[in-house]
Amino acid sequence: MKFDPKLCRNESEVESKLIVQYLLPTLGYDASKWHQEVAFGSIRLDFLALTSPIFSSNRDSAPKTCVVIEAKHPNQNLNFHVRRLTRYLTKLQVMYGVLTNGKDFRIYELMGDRLDLTFQCQGSEITDKIEKISDIIGRAKLAGLETNKSIPLINLPIQVDVIDPASKSISLLTPASKIMKTIAIYHNKGGVGKTTTTINLAAAMSRKGLKVLIIDLDSQANTTYAAGLMKFDTEEDDTLKDSNIYNVVFYPKSNYIPEIALKGSFTYPEVDVIPAHINLIWQEANLIDKESSKLQLVKKLELVKDNYDLVLIDTPPSLNLYAKIALIACDYLIIPSDLKPFANEGLRNVKNFIEEIDEFRGFISRSPINILGVLPSKILTNANYIKATLPKQEKVVQDRYGFPVLETRIFQREDLSRAIDNFVMEGDRQIPDPKSIFDFKPDSMSAAEFEELANEILEKIGLRS
Ligand SMILES: Nc1ncnc2c1ncn2[C@@H]1O[C@H](COP(=O)(O)OP(=O)(O)OP(=O)(O)O)[C@@H](O)[C@H]1O
Ligand SMILES: [Mg+2]
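The notes below deal with the structure included here. (Residues numbered from 1 in each chain as written. Chains lettered and ligands numbered in written order. Predicted model: local features only at pLDDT ≥ 70, side-chain atom pairs only at ≥ 80, totals over all residues.)

This part takes up the overall build of the protein chain. Looking only at helices and strands, one finds 16 helices and 18 strands in the protein chain. Taken against the 2.2 N^0.38 rule, which gives 23 Å for 465 residues, the C-alpha radius of gyration of the protein chain at 24 Å falls within 12% of a compact globule. Each principal axis of the C-alpha atoms in the protein chain carries an extent, and together these give about 75 × 55 × 45 Å. For the protein chain, with 465 residues in total, the buried portion stands at 44%. (Helix = DSSP H or I, 4+ residues; strand = E, 2+ residues; numbered from the N terminus. Rg over C-alpha atoms; globule rule 2.2 N^0.38 Å. Buried ≥ 20, exposed ≤ 12 C-beta atoms within 10 Å, placed from the backbone.)

The structure is reproduced here in structure tokens:
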């Protein structure tokens, strides 16, 4: 059997054509020895290949002789996925991890708390080098290692999880849920990448097949613009003025989400968007007088919970009512930050603000906001900075402000701002044609970073595309 990397044009073809049809059978793993979409708490593995039908997620045991296989889209740079694989292998104490996008094929081995790159070749070389690969992670090889081990796998002291060999798709602990999840993207510091995160995370999720709704709660309406909804030239043509998020939160018995949502043209598959408007600034006073306006979004989102998998809410750089509405309505929070001193100091406000909102949420029987973490955003690509300063800055966020830091980092790259600034000419008219990074430059580093972010978030919120 031969493998041709040209067969793999997307992630699911890497999974089916390389891993399921070629790699696993060639390495001796018949259908009873591998499992797809395996969940261990928050960890979701693409594939787990085993020599024995029993797998213990007990962390204290010696590394287990099995293989985690993670498949990526052919456009993805595998370097961005090594940190996550390290976490999987160390947490589950699994000996081998394969990372591949069809073009690049790598085998990593767990060495204490880090991974060693044991083998690497191009997709086109996999067939020629299959013997070498089999000699590292083939079933016969790993079964041999297992019998030589002093503690056989099946005698591990605590068997936490037992895989049913007949089942191909298993959820060992928490099943991936399909309940609509709402994430607010918030920081009271301006310009840290909230809008950029909202737009590109929405696009990444939509490409994974999730039904996504964006809500713009910022009177600057940058997300509304970036979603491609502001193509008009004059105020007369402004169709958003009377149909935007203000209507949703002001009117209790009309202006429901399906009536106000528009299709954003910035990405494909399309994403629904509830636009914002510059008038939100003065309209805030009307809402402050109306106590129920804080709850309308919660109520109206509840009515569309079967229409969407994911709702992303972009917020203003402020502690104002719109920010409150967002934080009351969300289940989860992402806090983009460039980690510079002002942004970090601002985290104290964010923390106090969250405490205030959580208190209010308690009154309406909503659980506290689940903080997914601070997202390092607009991070300098300078190698010395990344090595020396960035880890310290990330640690400050955890130690001083008590926020978790997401693993994914979004670096400062021109492609991201160029994607939003994209336009087309119609005669002598310049028409804004903003794009997500996936639609503007799918092979870019930024696209890979947002793909990584989407995967991390999906894992953390227990959604699976
Ligand atoms: N990773 C990045 N690399 C390069 N430019 C970026 C990046 N992230 C954001 N930008 C640019 O920085 C500016 C501010 O970003 P963005 O609008 O996303 O921030 P924001 O937090 O939403 O700002 P505000 O608080 O005003 O709403 C924009 O011009 C955007 O294109
Ligand atoms: Mg913004």
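Resuming the write-up.
Sheet architecture is open: 7 strands sit in the order β12-β13-β11-β14-β10-β15-β16, paired in mixed fashion. The open sheet is flanked by β12 (262-264) and β16 (370-376), the only strands paired with a single partner. Sheet twist, expressed as the average angle between the axes of neighbouring strands with direction ignored, equals 25 degrees. Taken together, the 3 bridges between strand β11 (residues 212-216) and strand β13 (residues 271-274) define a ladder with parallel strand orientation. Across the sheet, the residue bridging to Ile215 is Ile274, located in β13. (Pairing = 2+ DSSP bridges. Axes fitted to C-alpha atoms, helices over the stretch in contact; angles between N-to-C directions.)

Around ligand 1, a shell composed of 19 residues is seen, among which Lys194, Thr195, Thr196, Pro317 and Ser417 lie nearest. Those elements giving two or more residues to the shell around ligand 1 turn out to be α5 (194-207) and α14 (414-420). Classifying every residue of the shell around ligand 1 gives 5 nonpolar, 10 polar and 4 charged. (Near = placed C-beta within 6 Å. Nonpolar A, V, L, I, M, F, W, Y, C, P; charged D, E, K, R; others polar.)

Moving on, we get to the nonpolar core. A general tendency of soluble globular proteins is for nonpolar side chains to be buried together. The biggest cluster of nonpolar side chains holds 84 residues, and the ones touching the most others in it are Val212, Leu312, Ile313 and Ala326. With 8 residues, helix α16 (residues 445-461) is the single largest residue contributor to this core. Setting aside residues no more than four positions away along its own chain, Leu312 makes contact with Ile183, Ile185, Thr198, Leu201, Ala202, Val212 and Ile214. The next biggest cluster of nonpolar side chains, apart from the first, holds 39 residues, and it includes Val38, Val67, Phe105 and Leu110. (Core = buried A, V, L, I, M, F, W, Y, C linked by C-beta atoms within 7 Å. Contact = placed C-beta atoms within 7 Å.)

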